[in-house]
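Here is what each chain is made of, one letter per residue.
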Amino acid sequence: MIALARNGQVSRSRLSEFLWSPPRDPLGNLRQLISFLNAHLTAENANFLKADRRHVGLDFCRVRTDFHDLEGLARADDLPGADKIRNLEVGEILGDLDIGEAAFEEWAEEQRSYLQRNTYLALMHLLERAEDATNDALIEAISDKLLKIEPASEEPHRALIKVANRRGDKGMVIARYKACEESLRRLIDADTSLETRQLMQEIRSDWALAAQKPAGTPPTVRSEPDLLHPNERSDVAAETQEKTGSPLLRVNVRHVNTGSTVDARVAGLIDELVSEALADAAWLYSVVDDPADMLDVDYELVCSVSPTEETIRIGLRLLKLPARTLTWMQFVETPAADTIRAAKELAIVATAALEREILISETSSAWSCPPEQLSAHGQQMLAIPLLFRLTPKALNEADSLLTSAAERLPQNGTPMAWKAIVGFLKFGQGFTSDSRASREELHFLTRRALELSPKNAFAVTVAGHVAAFVEHEYDLAFQFYERAQQLNPSSAYYWAFSALAHCYIGNTQEAIDRLEKYRSLWPIDPYPHFFNTARCIAASMHGAHEIAVSIAKKTIAENPNFNATYRPLISSLGHLKRYDEAKYFIDELKPRQPGFSLEWFKKNYPPLKSDQHDNYINGFIKAGLEKD
């Protein structure tokens, strides 16, 4: 108490009041304590304690305290050495002392708050001076002390990031940034500030530029940060990626440190399962776990584990970087004994959801970007919502964008796979005048996509649909689908497209089951009319005509441009003897596809290998669809 007094002395009555309460004799106890101290101090230091009838004091010329040392260092003209800062004690004052007196505890709490604040301000003043002098050793020593006082303070975190960057230690830069993120989230449930994110963007841009320069090229000196738009990469980074066959988006999977060993093990298990499930799943992104690559991450999948008395709550959150925008979240609560099973199920859900949510996020970003500034990835993302509009103009625009993306990504098969989707949509819509040429182009696109990306489950799935829908080669189609399932059993595209193939061969119950699996993986489909049409076909062929009609009408209300939806609707209305409704929808379809007839359907459209085929055709006849 005396050492913390500003003038180095405290009244005897105050000391007595704070340290001893009645019915003891406070003043008598104080006299005994002073006598004890004087008797046990060495002769060299015996004079440091001064006591008279009213006060007890210290001789600050003979007594040293860390706080007073720090105040002196902060005021001094010369910067201190790093060792002097490292030797300072900035822990909680009197933290292990239990006096048991309420007055003392109240005083101690006030002093702790005062000292912590003033120590922090003194160290911050020293940090500014050390940064001006670029004294990295001193910066590290001061920052470490500051973070012991306030772990969520971003200034010392940024200072340490800069030191690591000056040393060329990319791994440490990333580790320092991650430590800052984690501290803010754990302690104050906040994200890093714009200033910290801008610092990382500047460093990232510098690294990308340096990677393109020949050895010996001097570093670029910039007067201000070259900031990137949150949805853009640097031109150099984008150009480098467009020369490769790898996905252009990157995802990092991490778990929140709960402080519990058990919880950390559960979260670590989920990390492993999710990362393993994602590893072979994505045509849109790749999983990043190498610290040297962390600054190129576009999304972060965060796992958290919250235990209760009998259950464990597991959560996943998908964040878009660098703004850390929450894109998707999923929580499950499971008995503690079923944690592993729940973790496996959540990994499957996360794999499917990641594809859907990143697809939605990236297409939204592409729409907001000026066309002339679109990267190859942006062109591909913009093409997807266009092709699902299913109008001739939109399909042609999507085809043009994908052609450009394929030229800019010569080693990536995904744009070719999407071009194949455009091709078979034109074919199914009746927009092609030369079916032979269309087939040849589809063969080329699917073959090229698989040559470039043989492990891309999406490209393999598209090849399967072309084989089934266009060529009616079902054995080949199911070979593709089997391979796609091995590559990514969590792909909603695989389950939905393979369901259509089962429709075409008459396995309607299997088709319905697969479509239910697709809906469980993608309960919210960004383009529901496409695969809801598959549900119409399956229900109509299965004889569930009322269900087919109900689904079809809702689907047409969502998007009236998909000609394929009208066909099972018309057939089912014919079987239900609802002829007026059937005629209405035939009249709606004719202007959209003037060449549609029974003969066109028999020639171009599955199913062709089942008993249900004749029943399907009979529905058209009952509905009043005329032959050519």
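Residues numbered from 1 in each chain as written. Predicted model: local features only at pLDDT ≥ 70, side-chain atom pairs only at ≥ 80, totals over all residues. Heavy atoms only, no water.

A. Structural context of the overall build of the protein. When helices and strands are counted, the protein shows 26 helices and 8 strands. Residues classed as buried in the protein amount to 50% of the 628 residues present. Pairs at least 24 residues apart make up 63% of the contacts formed inside the protein by residues separated by at least 6 positions. When the accessible surface of the protein is totalled, it reaches about 30200 Å², and 50% of it is carbon and sulfur. (Helix = DSSP H or I, 4+ residues; strand = E, 2+ residues; numbered from the N terminus. Buried < 20%, exposed > 50% of the residue type's maximum accessible area, 1.4 Å probe, protein only. Contact = heavy atoms within 4.5 Å. Areas by Shrake-Rupley, 256 points an atom, 1.4 Å probe, with all protein chains shown as cover.)

B. Molecular detail of the environment of N456. Structurally, the position occupied by N456 is in the loop between α16 (435–452) and α17 (457–470). In contact with N456, not counting residues within four places along its chain, are W283, T414 and L487. A polar atom in the side chain of N456 sits 3.1 Å from the side chain of T414. A polar side-chain atom of N456 sits 2.9 Å from the main-chain amide nitrogen of F458. (Polar contact = N/O pair within 3.5 Å; in protein donor to acceptor, adjacent residues only side chain to side chain.)

C. Quick peek at the pattern of salt bridges. For the structure shown, the criterion picks out 20 salt bridges. Among the salt bridges present, the one from E300 reaches R324, with a minimum N-O distance of 3.2 Å. With a gap of 24 residues between them, E300 in strand β6 (residues 299–307) and R324 in the loop between β7 (311–320) and β8 (325–335) connect regions that are remote in the sequence. Summarising the burial analysis for this pair, E300 and R324 share the class buried. Ionic pairing is found between E581 and R578, a salt bridge with its closest N-O pair at 2.8 Å. Overlapping salt bridges, with partners in common, bring together E546, K553, R578 and E581 in one network. (Salt bridge = Lys/Arg side-chain N within 4 Å of Asp/Glu carboxyl O.)

D. Summary view of a negative patch on the surface. Taken together, the side chains of E128, E131, D132 and E155 define an acidic patch exposed on the protein surface. Tallying contributions element by element places helix α5 (residues 102–132) first for the negative patch, with 3 residues. With respect to the helices and strands, the residue E155 is situated in helix α7 (residues 154–166). (Patch = residues over 30% accessible without salt bridge, like charges linked within 9 Å, V, L, I, M, F, W, Y side chains within 5 Å. Lys, Arg positive; Asp, Glu negative; His and termini not counted. Charge placed at Lys NZ, Arg CZ, Asp CG, Glu CD.)

E. Quick peek at the packing of helix α14 (residues 392–408) against helix α15 (residues 414–429). At a minimum axis distance of 9 Å, the contact between α14 and α15 shows a crossing angle of 160°. By the angle class used here, α14 and α15 are roughly antiparallel. By crossing handedness, the relation of α14 to α15 is classed as left-handed. Counting all contacts with α14, which are made through L395, N396, A398, D399, L402, T403, A405 and A406, the residues of α15 involved are P415, M416, W418, K419, V422, L425 and K426. Each residue belonging to the contact of α14 with α15 can be placed in one class, and the counts come to 10 nonpolar, 2 polar and 3 charged. (Axes fitted to C-alpha atoms, helices over the stretch in contact; angles between N-to-C directions. Parallel < 35°, antiparallel > 145°, perpendicular 65-115°, else oblique. Left-handed = near helix turned anticlockwise from the far one by under 90°. Nonpolar A, V, L, I, M, F, W, Y, C, P; charged D, E, K, R; others polar.)

F. A look at the sheet that holds strand β2 (residues 49–51). Taken together, 3 strands build an open sheet; the order of strands is β1-β3-β2 and the sheet is antiparallel. Each end of this open sheet is capped by a strand with a single partner; those strands are β1 (9–11) and β2. Looking at each pair of strands side by side, their axes are set apart by 15° on average, direction ignored. Two elements, β1 and strand β3 (residues 55–58), share 3 bridges in a ladder whose sense is antiparallel. Following the sheet pairing, V10 is matched in β3 by V56. (Pairing = 2+ DSSP bridges.)

G. Region of the structure containing a nonpolar patch on the surface. A surface patch of nonpolar side chains, about 260 Å² in accessible area, is lined by L326, M329 and F331. Here M329 lies in strand β8.

H. Quick look at empty space enclosed by the protein. This structure, assessed with the given rule, holds 3 cavities of 30 Å³ or more. For the largest cavity, the calculated volume is near 170 Å³. As for the largest cavity, its lining consists of 16 residues, of which H465, F530, F562, A564 and Y605 are closest to the centre. A per-class count over the lining of the largest cavity returns 11 nonpolar, 4 polar and 1 charged. (1 Å grid on protein atoms, 1.4 Å probe; cavity = no way out; pocket = protein on both sides within 12 Å on 5 of 7 lines; lining within 4 Å. Points joined across faces, edges and corners; volume = space filled by probe spheres on them.)

I. Local environment of the packing of aromatic side chains. In this structure the tally under the stated criterion is 28 aromatic pairs. Relative to Y527, the ring of F388 has its centre 4.4 Å away and its plane inclined at 15°; by these criteria the two rings are stacked. Here Y527 lies in the loop between α20 (508–521) and α21 (528–541) and F388 lies in the loop between α13 (376–387) and α14, a separation of 139 residues in the sequence. Each member of the pair, F388 as well as Y527, is classed as buried. Above the ring of F331, the side-chain terminus of R313 is found at 4.3 Å from the ring centroid. (Phe/Tyr/Trp six-rings, centres within 6.5 Å; stacked < 30°, edge-to-face > 60°. Lys NZ or Arg CZ within 6 Å of the ring centre and 35° of its normal.)

J. α20, seen in detail. Over its 14 residues, α20 runs 20 Å from end to end, which matches the ideal 20 Å to within 8%, given 1.5 Å per residue. If you check which residues of α20 are buried, you get T508, A511, R514, L515, Y518 and L521. The buried residues of α20 occupy one face: seen down the axis, they fall within an arc of 135°. (Expected span 1.5 Å × (residues − 1). Arc of directions from axis to C-beta.)

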